[in-house]
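Observations on the model geometry
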Amino acid sequence: MRNLINILDLTTEEIDELIRSASEIIDNPELYKNSCRGKILGTLFFEPSTRTRLSFTSAMMGLGGDVLGFSQAASSSISKGETVADTIRMVSSYSDIIVMRHPKEGAPIVASNVASVPVINAGDGGHFHPTQTLTDLLTIKKKKGRFDNLTVGVCGDLKYGRTVHSLISAMARYEGVKFVLISPPELALPDYVKNEFLKNCEYCETASLEEAIPSLDILYMTRIQAERFDSKDEYERLKDTYILNAEKLKCAKPDLSILHPLPRVNEIDTDVDDDPRAHYFDQATYGRYIRMALILMLLKTKGVDDRRTHGKEDKHLVCTNPHCISHGDSERGIKRLFEGGKCIYCDQMAEKV
Ligand code: NCD
């Protein structure tokens, strides 16, 4: 089965192909209106979503397919204590492709290992969000015309922002890309992202958005992820750290591209919305088309089995990340697998016991 769990599951050539296909769909939507006739997309959202769930639904409808699913964990049997694996086994037999969002990091890996249909990760905790990255990449291609030789500022919650982790891992593969990581020290990019994806890439870290702005080709703003904080006070202290407004943009490049995965809270003032460099609403629109291209690609690919069977059980290692699907007892029967000292579900270093 061909899945999309991590953006690096796609080669740069496949990303180019998806962008070509999405552009063709944008130009000729009529040609695709029956492409998925008779196929069903299962949308399993264990966490809130507006754009991702609705754009997947709209994408499948635009291809002539049907959609079933749920939009909150409370309305599924997870609330009765069912595991992710059992839920997915069931939904596999009701649908041809599954898209899922789950608060636990690595949940889509558990799902893809038992599913008999392709699984798409629509966000797993604070870990990854590869289809948002496809949306971001299509926007960057449309607005900047290229992926290489760009200075990309990512600003806000780099610790819990899953869209940031996926975007950095995707963009780091292109020649001459530099990152400016803008966050308070408490919300800095986690080590597993830095060490794994930025090891061959030029980057700098700063707490000052004002200082960073003049050098940027892309400014990717993000929301402080309230729902992932252990302490409400800490969230309250940090929530308005960055507010982009028209004044701050005065010293930005004239062809800057301002992106945001949305939803925004306070981090982009509405006085930026009419600036021609504000591309975040276009970005949300592009999401539907790149997801159409993705559904077509995954349904078409036959004979591939990219289940995560790597890694080994090791009774001397334990994953101490409380947000990981392998932590605790909720996912009964999960095989706790490690590779290179890291947990294969959440990519964090395991601890020795
Ligand atoms: C993002 C997410 O869910 O991670 N939203 C989205 O999918 N467009 C960003 C966020 O919630 O802040």
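Quick note: structure is the one above.
Quick look at the structure, then. Along every chain, residues carry numbers that run from 1 in the direction the sequence is written. Given that this is a predicted model, residues contribute local features only at a pLDDT of at least 70 and side-chain atom pairs are listed and counted only at 80 or more, while totals for whole chains, interfaces and linings are drawn from all residues. Hydrogen atoms and water are omitted, and side-chain values are computed over all heavy atoms in the structure.

The subject of this paragraph is the site of the ligand. Neighbouring the ligand are the residues T52, R101, H129, Q132, R162, T163, R223, Q225, P261, L262 and P263. N or O atoms closer than or at 3.5 Å make up a polar contact, with two conditions inside protein: a donor-capable atom paired with an acceptor-capable one, and, for residues adjacent in sequence, both atoms drawn from side chains. In this structure, R101 approaches the ligand through a side-chain N or O atom, which is 3.1 Å from an oxygen atom. Here a nitrogen atom of the ligand sits 3.0 Å away from a polar atom, N or O, in the main chain of L262. Coverage of the ligand by the protein chains reaches 94% of its 320 Å² of free accessible surface. Split by residue class, the shell around the ligand holds three nonpolar, five polar and three charged. Residues are labelled near a given molecule or strand when at least one of their non-hydrogen atoms is within 4 Å of it. We get accessible surface area from the Shrake-Rupley algorithm with a probe of 1.4 Å; when it comes to residues, only the shown protein chains can shield them. In this count, Pro and Cys sit with the nonpolar residues alongside Ala, Val, Leu, Ile, Met, Phe, Trp and Tyr, while Asp, Glu, Lys and Arg are called charged and the others, Gly among them, polar.

In what follows, salt bridge is the name for a side-chain nitrogen of Lys or Arg lying within 4 Å of a carboxyl oxygen of Asp or Glu. Scanning the model with the defined rule gives 21 salt bridges in all. A salt bridge links K144 to D255; its shortest N-O distance comes to 3.8 Å. Separated by 111 residues along the polypeptide, K144 in helix α5 (residues 130–144) and D255 in the loop between α9 (232–238) and β9 (257–259) bring together distant segments of the chain. Exposure is judged per residue with a 1.4 Å probe applied to protein chains only, and the accessible area is read against the type maximum: over 50% gives exposed, under 20% gives buried, and values in between give partly exposed. When its relative accessible area of 46% is taken as the criterion, D255 is described as partly exposed. R223 is paired through a salt bridge with E227; the nearest N and O atoms lie 2.9 Å apart. Judged by relative accessible area, R223 falls into the buried class, the value being 16%. Members of the salt-bridge network, linked through shared partners, are E47, R162 and R228. Comment: elements are numbered from the N terminus, with helices defined as DSSP H or I runs of at least four residues and strands as E runs of at least two.

Let us look at the packing of aromatic side chains. In summary, the pairing rule links any two rings of Phe, Tyr or Trp, Trp by its six-membered ring, whose centres are within 6.5 Å, and it sorts them by plane angle into stacked for under 30 degrees, edge-to-face for over 60 and tilted for everything else. Scanning all chains against the criterion turns up six aromatic pairs. With a centroid separation of 5.1 Å and an interplanar angle of 65 degrees, the aromatic rings of Y280 and F281 are classed as edge-to-face. A cation over an aromatic ring shows up here: K141 above the ring of F147, its NZ or CZ 5.0 Å from the ring centre. Geometrically, a lysine NZ or arginine CZ counts as sitting over a ring once it is within 6 Å of the ring centre and also within 35 degrees of the ring normal.

Time to look at the pairing of strand β7 (residues 202–206). Pairing of strand β6 (residues 178–182) with β7 involves five bridges; the strand directions are parallel. Note on β7: the bridge partner recorded for F179 is Y203. Clockwise travel from the first strand over the helix to the second, with the strands pointing away from the viewer, marks a crossover as right-handed. Taken together, β6, helix α7 (residues 191–197) and β7 form a β-α-β motif whose crossover is right-handed. A pair of strands is labelled paired if DSSP reports no fewer than 2 bridges between them.

In this section: the sheet that holds β9. Hydrogen bonds between backbone groups are what pair the strands of a sheet, and the pairing can be parallel or antiparallel. Within the open sheet, the five strands sit side by side as β7-β6-β5-β8-β9. Their pairing is parallel. Each edge of the open sheet carries a strand with a single partner, namely β7 and β9. On average, each strand axis in the sheet is tilted by 15 degrees relative to the strand beside it, whichever way the strands run. Fitted lines through C-alpha atoms serve as axes, helices being fitted only where they are in contact, and the angles separating the N-to-C directions of these axes extend from 0 to 180 degrees.

A few words on unusual backbone geometry. With an omega of 5 degrees, the peptide bond running from L262 to P263 counts as cis. By the element assignment, P263 lies in the loop between β9 and α10 (280–300). Here the phi dihedral of N149 falls at roughly 50 degrees; this positive angle occurs in a residue that is not glycine. Position of N149 among the secondary structure elements: in the loop between α5 and β5 (151–155). Judged by its relative accessible area of 47%, N149 is partly exposed.

Taken in spatial order, the four strands make up an open sheet running β2-β1-β3-β4, and their pairing is parallel. Two strands bound the open sheet, and with one partner strand each, they are β2 (66–70) and β4 (119–124). On average, each strand axis in the sheet is inclined to that of its neighbour by 15 degrees, with strand direction left out of account. Of the strand pairs in this sheet, strand β3 (residues 97–102) and β4 are connected by four bridges, and their pairing is parallel. By the bridge assignment for β4, V99 is matched with I120. A contact between two residues is defined here by any heavy atoms of the two lying within 4.5 Å. Sheet strands in contact with helix α3 (residues 84–92) are β1 (40–45) and β3, and its direction is about 155 degrees off that of β3. Contacts between α10 and the sheet are confined to β1, β3 and β4, with β3 contributing the most and set at about 125 degrees to the helix.

Quick look at the packing of α3 against helix α4 (residues 107–114) now. Across the interface, α3 lies against α4 with an axial gap of 9 Å and an inter-helix angle of 45 degrees. Viewed along their axes, α3 and α4 adopt a mutual orientation that is oblique. The handedness of the crossing between α3 and α4 comes out as right-handed. Only A107, V110, A111 and V114 of α4 make contact with α3, whose side of the interface consists of V84, A85, I88 and R89. Its residues placed into classes, the contact of α3 with α4 shows seven nonpolar, no polar and one charged. Under this scheme an angle from 65 to 115 degrees is roughly perpendicular, one under 35 degrees roughly parallel, and one over 145 degrees roughly antiparallel; angles in between are oblique. Handedness of a crossing is defined here by the sense of rotation of the near helix relative to the far one, left-handed for an anticlockwise turn of less than a right angle and right-handed for a clockwise turn.

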